[in-house]
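Chain by chain, the residues run as shown.
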Amino acid sequence: DTAELNVRFRSGMGLGQGGVLTSMANAGTAYRGTRATAMVAAFAVLVLSTGAHAAGFALREQSASAQGNAFAGATAAAEDVSYMFFNPATLGFLTGYQALAVVNYIRPQTELSGASGATAFGSPIGGRTSAGDVTDDVVTPALYGMAELPLGLRAGVGISVPFGLQVGYPGNWVGRYHVVSSELQTVNINPALAWRPLDWLAVGAGLQVQYADAEINSAVDFGTIGAAAGIPGAAPAGQDGSARLKGDDWAVGFNLGAIVEPVKGTRIGLAYRSELEHELEGDARFSLDQAGIGAALRAATGAFANTGASTKITTPAMLSAGLHQELTPRWAVMGEVAWTEWSTFKELRIRFDNPAQPDNFTEEDWRDTFFVALGTTYRPTDEVTLRGGIAFDQTPVEDEHRTP
């Protein structure tokens, strides 16, 4: 049995024009004595962008200097130690000791309007059909440091937040059986080493050690599930419980890069960041409705009991190339192209330790994307630097696969 939900999103950042979402959520099951089964309403991660400059749930805002150029030339510029996030080889063109801190305040604007829903029986789901900003403001820090070593070596370390999202809908909105709130946080520790064997060449490599923490909350339509099971007194969309999934994990990956300077003032960079496969493990907690429908289902089937749970989330690989060209001692132009392997995010499947609780599945089917940027820098004096740039980042989510 399924419940249908139609939603229109409008976003001022990252999403562009809203598309009509039609998705199906598990909302009911057959109830047949000791053979009965039950399934919680579908969990889903947010696929709206919460980054001002990055698609999906990536956060490109890792360098204040690079952000001034819309991240054009970030793979090649090597203007300060924060550029090591985009290419570890940039350390090879820096000297001495450096320490740098970056703090970003990201304020996405995503409005919900025109939402409607129906239960498996076709009756409308009551609740709010519109809401103001459903994406939360976030503050993302980054810390970097480097030291110059003998033999042309440079050592650096970066601590950043490369992926993250959070969203909160009204608890009584019509799509509450899909999601009420969703949050993903990551912390990436990236020690790196660069070597500059020749004046015109630098290569670098780093280790990514990433921590991820996720939490998803949704309502459970015990009324519809109970009505489908034939439980007396069950009222579809009128006897809600709730479910919360929380889990975390560590994963390890790497990044590689190189920069060549064929002529003085012309730098070309190439970099690769590997995917990181997270197996988030934690627990699922269920709160039952006050009418006792959920309690009856739990007693008869064993489902909807607190249990361990796990899910896999793979953060995507990225391949980028950049150009930084000095025109005069005061002027420079730069460009960037990056490819992100979002197609690794094909599904969100939640597995429960409780054998009576079936896997929960959401099809994502994201696509690979390209990012392109152009920028310029002007230094009117030695103390002042003016930066500008423009960028375009594809969304990995097609309209038919967009979920709350």
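Note: the structure precedes this text.
## Here's the deal with the pairing of strand β19 (residues 369-381)
Here is step 1: Bridge analysis of strand β16 (residues 331-340) against β19 gives 10 bridges, and the strand direction is antiparallel. The partner of G335 across the bridge, within β19, is L374.
Here is step 2: The antiparallel hairpin formed by β19 and strand β20 (residues 384-393) contains 2 residues in its connecting segment.

## Here's the deal with the pairing of strand β17 (residues 347-352)
Here is step 1: On β17, burial follows the alternation: L348, I350 and F352 on one face are buried, whereas E347, R349 and R351 on the facing-out side are not.
Here is step 2: Pairing geometry for strand β14 (residues 307-315) and β17, over 3 bridges, is antiparallel. The partner of T311 across the bridge, within β17, is I350.
Here is step 3: Judged from the 4 bridges that link them, β17 and strand β18 (residues 360-363) form a sheet pairing that is antiparallel. Bridging across to β18, R349 finds its partner in F361.

## Describing the environment of L297
Here is step 1: By secondary structure assignment, the location of L297 is in helix α3 (residues 293-301).
Here is step 2: Sequence separation between L297 and I225 is 72 residues, and the spatial gap between their C-alpha atoms is 8.6 Å.

## Examining the packing of aromatic side chains
Here is step 1: Under the definition given, this model contains 14 aromatic pairs.
Here is step 2: On the basis of an interplanar angle of 50 degrees and a centroid distance of 5.7 Å, the ring pair of F57 and W366 is categorised as tilted. Separated by 309 residues along the polypeptide, F57 in the loop between β2 (20-26) and α1 (64-68) and W366 in the loop between β18 and β19 bring together distant segments of the chain. Per residue, the accessibility class of F57 equals that of W366, and both read buried.
Here is step 3: An aromatic cluster of three or more residues is present, and its members are F57, F163, W342, F345 and W366.
Here is step 4: When the ring centre of F371 is taken as origin, the NZ or CZ atom of R60, which lies over that ring, is 3.7 Å away.
Here is step 5: Here the basic side chain of R273 rests over the ring of F85, its NZ or CZ set 4.3 Å away from the ring centre.

## Some points on the pattern of salt bridges
Here is step 1: Scanning the entire structure with this criterion turns up 16 salt bridges.
Here is step 2: For R60, the salt bridge goes to D393, with nearest N and O atoms at 3.5 Å. Placement of the pair is R60 in the loop between β2 and α1 and D393 in strand β20, with a sequence separation of 333 residues.
Here is step 3: A relative accessible area of 21% means that D393 is categorised as partly exposed.
Here is step 4: Across the pair R367 and E398 runs a salt bridge whose closest N-O atoms are separated by 3.7 Å. On the criterion of sequence distance, the pair formed by R367 in the loop between β18 and β19 and E398 in the segment after β20 is long-range, its members being 31 residues apart.
Here is step 5: Residue R367 is classed as partly exposed on the basis of its relative accessible area of 33%.
Here is step 6: Each of E79, R379 and R387 takes part in salt bridges that share partners, so that together they form one network.

## Regarding unusual backbone geometry
Residues apart from glycine generally show negative phi values, whereas peptide bonds are mostly found in trans.
Here is step 1: Positive phi, normally seen in glycine, also occurs at L151, with a value near 65 degrees.
Here is step 2: Mapped onto the fold, L151 is located in the loop between β6 (138-148) and β7 (153-160).
Here is step 3: You will see that F304, though not glycine, has its phi angle at about 60 degrees, which is positive.

## Concerning a nonpolar patch on the surface
Here is step 1: On the surface, a nonpolar cluster with roughly 510 Å² of combined accessible area is contributed by L143, V157, I159, V187, I189 and W250.
Here is step 2: Elements that contribute at least two residues to the nonpolar patch include exactly β7 and β9 (181-198).
Here is step 3: With respect to the helices, strands and loops of the structure, I159 is situated in strand β7.

## Points about the environment of T369
Here is step 1: With respect to the secondary-structure elements, T369 resides in strand β19.
Here is step 2: The sequence separation of T369 and A55 amounts to 314 residues, and the corresponding C-alpha distance is 8.3 Å.
Here is step 3: Leaving out residues up to four positions away in the same chain, T369 has contacts with A338, W339, T340, W342, Q394, T395 and P396.

## Details of the nonpolar core
Here is step 1: Counting residues in each nonpolar core, the largest one holds 27 residues, and the members touching the most others are F57, L112, V134, Y169, W173, W342 and W366.
Here is step 2: Counting residues per element, the ones that place at least two in this core are β4 (110-118), β8 (164-168) and β10 (201-221).
Here is step 3: Among the elements that take part in this core, β10 stands out by supplying 3 residues, more than any other.
Here is step 4: In this structure, F85, F86, V102 and A194 belong to the second largest nonpolar core, which totals 23 residues.

Criteria and thresholds
Residues numbered from 1 in each chain as written. Predicted model: local features only at pLDDT ≥ 70, side-chain atom pairs only at ≥ 80, totals over all residues. Heavy atoms only, no water. Pairing = 2+ DSSP bridges. Helix = DSSP H or I, 4+ residues; strand = E, 2+ residues; numbered from the N terminus. Buried < 20%, exposed > 50% of the residue type's maximum accessible area, 1.4 Å probe, protein only. Phe/Tyr/Trp six-rings, centres within 6.5 Å; stacked < 30°, edge-to-face > 60°. Lys NZ or Arg CZ within 6 Å of the ring centre and 35° of its normal. Salt bridge = Lys/Arg side-chain N within 4 Å of Asp/Glu carboxyl O. Patch = residues over 30% accessible without salt bridge, like charges linked within 9 Å, V, L, I, M, F, W, Y side chains within 5 Å. Areas by Shrake-Rupley, 256 points an atom, 1.4 Å probe, with all protein chains shown as cover. Contact = heavy atoms within 4.5 Å. Core = buried A, V, L, I, M, F, W, Y, C linked by side-chain atoms within 4.5 Å.

Scope: geometric values only; no functional claims are made or implied.
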